[in-house]
Amino acid sequence: MARELKDLDWKHIGFQYRPCDWRYVAQYKEGAWQEGGLSADPNVTINECAGILHYCQECFEGLKAYETVKGDIVCFRPDLNAERMMDSAEYLCMPKFPKEQFLSALRETVQANLAYVPPYGSGASLYVRPYMFASGPVIGVKPSDEYTFRIIVMPVGPYYTGGAKPVSVMVSDYDRAAPHGTGHIKAGLNYAMSMHAHEIAAKGGYADNMFPDPMERKYVEEAGGANFYFISGDGKTFVTPKSDSILPSVTRRSLEYVAEHMLGLKVEERRVALSELPEFSECGMCGTAAVISPVGVVNDHGKDIVFGKGLAEAGPVTKKLLDTLTGIQLGTVEAPEGWIFKIA
Ligand SMILES: *Cc1c(COP(=O)(O)O)cnc(C)c1O
């Protein structure tokens, strides 16, 4: 039976908040997660002294649900999001939301909003945003006693309009995360930190920042919300920066597997010096929102480093990586074991 679909212009949906019918809500009180459930209320009511409002105890995740070529509704490796959220919570002294409960809450929320999952072939998908915040009151600096976990969903189009068209980024003079800080967890506070730098990049016409390592400012870290990868000059090696202050992207970890096991590339995770960028043939940013955004130009303090055909066209390895990973997600390429989580 064909599923019912909301009357939305799927091809021009953009990347913006749209409340769907149902969201999942669970509360942590008296030392335990209470049984959660679906709610029709898009508003959150919390105490004026809630920990999130004063000391920013919050973490989040981002993943997508898709309709595959066969008409199944699936998510891509949500177990990794569940685990990463547990790591984020632990570092922020928040209770961990159990993995099994995360996966069943995800299933319940997407199933309740099936009519919002964009149809196969539209290029759009259902963005899923799990998040958790300190909802109990605190005024002295300490972890809250109460927390709220929610999952909201919304249909979104491709993050960067124009699909896989290369973008330019600039090397930032700011830091996204401190050495030995919170760069490795998915916390809203890292985004608050990066907004000033992002405004500067946007005003200069750049899609994003390339943040150098905060200690020496010599090595590549990541973008505001995406990891970087590079392809060696001979096109045979996939290189991605190694650092304790970058977020372990699910997309990047998946691309490493695809590069090695499906495209026959060598994979290196190592420090990447800004000074070696001119030696690479391709560069890209990767993350759930955009999957891959090819980078045509990196501007390093007035000097342009151009990869391949620059802003004209993505390189051949980037195109293969993007086609293979989106093919896996949409069911046109066979997925490695355990990558596809079937919802309906
Ligand atoms: C979410 C995020 C990414 C991308 O991670 P995915 O799991 O691939 O979506 C990269 N960098 C930062 C800082 C992020 O917050």
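Everything numeric here is computed off the predicted structure, so don't read it as measured data. (Residues numbered from 1 in each chain as written. Predicted model: local features only at pLDDT ≥ 70, side-chain atom pairs only at ≥ 80, totals over all residues. Heavy atoms only, no water.)

### Comments concerning the site of the ligand
And step 1. Near the ligand, the surroundings consist of 15 residues, among which K186, Y191, S249, T251 and T288 are the closest.
And step 2. A distance of 2.8 Å separates an oxygen atom of the ligand from a polar side-chain atom of R84.
And step 3. A distance of 2.7 Å separates a nitrogen atom of the ligand from a polar side-chain atom of E222.
And step 4. Considered class by class, the residues forming the shell around the ligand number 4 nonpolar, 7 polar and 4 charged. (Near = heavy atom within 4 Å. Polar contact = N/O pair within 3.5 Å; in protein donor to acceptor, adjacent residues only side chain to side chain. Nonpolar A, V, L, I, M, F, W, Y, C, P; charged D, E, K, R; others polar.)

### Re the pairing of strand β5 (residues 63-67)
And step 1. Across the 5 residues that make up β5, a large majority, 5, are buried.
And step 2. As paired elements, β5 and strand β7 (residues 125-134) share 3 bridges and run antiparallel to each other. Bridge pairing in β7 links A65 to L126.
And step 3. Of the pairings in the sheet, the one linking β5 to strand β6 (residues 73-76) comprises 3 bridges and is antiparallel in character. (Buried < 20%, exposed > 50% of the residue type's maximum accessible area, 1.4 Å probe, protein only. Helix = DSSP H or I, 4+ residues; strand = E, 2+ residues; numbered from the N terminus. Pairing = 2+ DSSP bridges.)

### Digging into a nonpolar patch on the surface
And step 1. A cluster of nonpolar residues, Y55, I139 and V141, forms a patch on the protein surface that exposes about 330 Å² of accessible area.
And step 2. Residue placement: Y55 occurs in helix α1 (residues 51-55).
And step 3. According to the relative accessible area criterion, Y55 is partly exposed, its value standing at 36%. (Patch = residues over 30% accessible without salt bridge, like charges linked within 9 Å, V, L, I, M, F, W, Y side chains within 5 Å. Areas by Shrake-Rupley, 256 points an atom, 1.4 Å probe, with all protein chains shown as cover. Salt bridge = Lys/Arg side-chain N within 4 Å of Asp/Glu carboxyl O.)

### Description of the environment of A115
And step 1. For A115, the position within the fold is in the loop between α3 (99-112) and β7.
And step 2. Since its relative accessible area comes to 13%, A115 is described here as buried.
And step 3. As a C-alpha pair, A115 and L5 span 110 residues in sequence and 4.3 Å in three-dimensional space.
And step 4. Discounting residues that sit within four places of it in the chain, A115 has contacts with R3, E4, L5, K6 and W10. (Contact = heavy atoms within 4.5 Å.)

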